[in-house]
Amino acid sequence: LAPSLAPSEAPTEPTTGAPTEAPTEYITVNTQIDGTSIAKRLMFDISAQKDVTIESFKIHIGKRLKLEQLTRGVQVWTKSGTHVGFETSRRPRRGDGEGWKRLPMAAFKNEGQGEYTDIDFHWRLKLSPRFDSTDLEIDAGSTRAFYFIFGKGFYATEGTAVGNECSESNEYIEIKEGTVL
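None of these values were measured; they are calculated from a predicted model.

Analysis parameters
- Residues numbered from 1 in each chain as written.
- Predicted model: local features only at pLDDT ≥ 70, side-chain atom pairs only at ≥ 80, totals over all residues.
- Heavy atoms only, no water.
- Phe/Tyr/Trp six-rings, centres within 6.5 Å; stacked < 30°, edge-to-face > 60°.
- Helix = DSSP H or I, 4+ residues; strand = E, 2+ residues; numbered from the N terminus.
- Buried < 20%, exposed > 50% of the residue type's maximum accessible area, 1.4 Å probe, protein only.
- Lys NZ or Arg CZ within 6 Å of the ring centre and 35° of its normal.
- Lys, Arg positive; Asp, Glu negative; His and termini not counted.
- Salt bridge = Lys/Arg side-chain N within 4 Å of Asp/Glu carboxyl O.
- Polar contact = N/O pair within 3.5 Å; in protein donor to acceptor, adjacent residues only side chain to side chain.
- Contact = heavy atoms within 4.5 Å.
- Pairing = 2+ DSSP bridges.
- Core = buried A, V, L, I, M, F, W, Y, C linked by side-chain atoms within 4.5 Å.

A. Structural context of the packing of aromatic side chains. Tallying each qualifying case throughout the model produces 9 aromatic pairs. Residues phenylalanine 44 and phenylalanine 148 carry aromatic rings whose centres are separated by 5.6 Å and whose planes lie at 25° to one another, so their mutual orientation is stacked. On the criterion of sequence distance, the pair formed by phenylalanine 44 in strand β1 (residues 37-48) and phenylalanine 148 in strand β10 (residues 143-156) is long-range, its members being 104 residues apart. On the basis of relative accessible area, phenylalanine 44 is assigned to the buried category, the value being 11%. Taking 6.4 Å as the distance between ring centres and 10° as the angle between the ring planes, the aromatic pair formed by phenylalanine 150 and phenylalanine 154 counts as stacked. Assigned by exposure class, phenylalanine 150 and phenylalanine 154 land together as buried. What links up through ring pairs into an aromatic cluster is the set Phe44, Phe57, Phe108, Phe146, Phe148, Phe150 and Phe154. Residue placement shows lysine 50 over the ring face of tyrosine 172; its charged tip is 5.2 Å from the ring centre.

Below, the structure written as structure tokens:
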């Protein structure tokens, strides 16, 4: 059989509808930026009201690095559930099933005092089989802990109590006050 060179006078209708995909909505959820304490290690939890995927973080480095200096050195670790009770070890506890897992982070440029600096996940490692995007997903009603380590430090705001909400009100996530180590 040879393929037709002209369109048919009686084309058949497709048996299935066109594929549809839910639109992706990106939002930024801020916390306070007026921190005066320097933290080299910070743990906090994010609780989700809807299914979400974390795409990147914004942190306040301020004067800790030269402006626009390309740098590496921020480690970000994550685990399902809260960080409370896991402040002293990144290993899983007996019966918990999951310890801290390090995420691949890209180099970034400091935006300076009073500005948020974007830090993103390393795009090449996102394509690697070692990168599990489910480590960045938080199901509605669930909590995921994050642990930031940066030797030069970043600014942190004094909170009121671990677990209190410290993010702008929104319908997707709550960022909770955490622990500075």
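B. Representation of the side chain of glutamate 177 in the model. Summarising the element assignment, glutamate 177 is placed in the loop between β11 (173-175) and β12 (179-180). It is lysine 176 that comes nearest to the buried, bridge-free glutamate 177 among opposite-charge side chains, at 10 Å. Among the polar contacts made by the side chain of glutamate 177, one reaches the main-chain amide nitrogen of alanine 161 at a distance of 2.8 Å. Excluding anything up to four places from it in sequence, glutamate 177 contacts Gly159, Thr160, Ala161, Val162, Gly163, Asn164 and Cys166.

C. Fine view of the environment of leucine 70. You can see leucine 70 is positioned in strand β4 (residues 70-71). Counting along the chain gives 37 residues from leucine 70 to alanine 107, while the straight-line C-alpha distance between them is 6.3 Å. If we skip the residues at most four places from it in the chain, leucine 70 touches Ala107, Phe108 and Lys109.

D. The arrangement of the pairing of strand β8 (residues 117-120) in detail. Burial along β8 is one-sided: the residues Thr117 and Ile119 are buried and none of Asp118 and Asp120 is. The pairing of strand β3 (residues 56-59) with β8 spans 4 bridges and is antiparallel. Along β8, the bridge assignment pairs lysine 58 with aspartate 118.

E. Representation of the nonpolar core. If you look at the biggest cluster of nonpolar residues, it comprises 29 residues, and the most contacted ones within it are Ile46, Phe57, Val76, Ile119, Phe146 and Phe148. For this core, the secondary structure elements donating two or more residues are β1, β3, β10 and β11. Dropping the residues within four chain positions of it, isoleucine 119 is found in contact with Ser56, Phe57, Ile59, Val74, Val76, Met105, Phe108 and Phe148. Listed in part, the 7 residues of the second largest apolar core include Met43, Trp77, Tyr147 and Ile149.

F. The side chain of histidine 83, seen in detail. Turning to its location among the elements, histidine 83 is positioned in the loop between β5 (75-80) and β6 (101-103). For histidine 83, a relative accessible area of 0% puts it in the buried group. Side chain to side chain, histidine 83 and threonine 179 meet in a polar contact 2.8 Å long. With residues up to four places along the chain from it excluded, the contact list for histidine 83 reads Met43, Phe44, Asp45, Trp100, Ala145, Val162, Gly178 and Thr179.

G. Local environment of the pairing of β1. Pairing analysis gives 10 bridges linking β1 to β10, with the strands arranged antiparallel. Bridged to alanine 39 within β10 is phenylalanine 154. Bridging between β1 and β12 involves 2 bridges; their strand directions are antiparallel. Across the sheet, methionine 43 pairs through a bridge with threonine 179, a residue of β12. Pairing of β1 with β11 involves 3 bridges; the strand directions are antiparallel. For isoleucine 46, the partnering residue across the bridge sits in β11 and is isoleucine 175.

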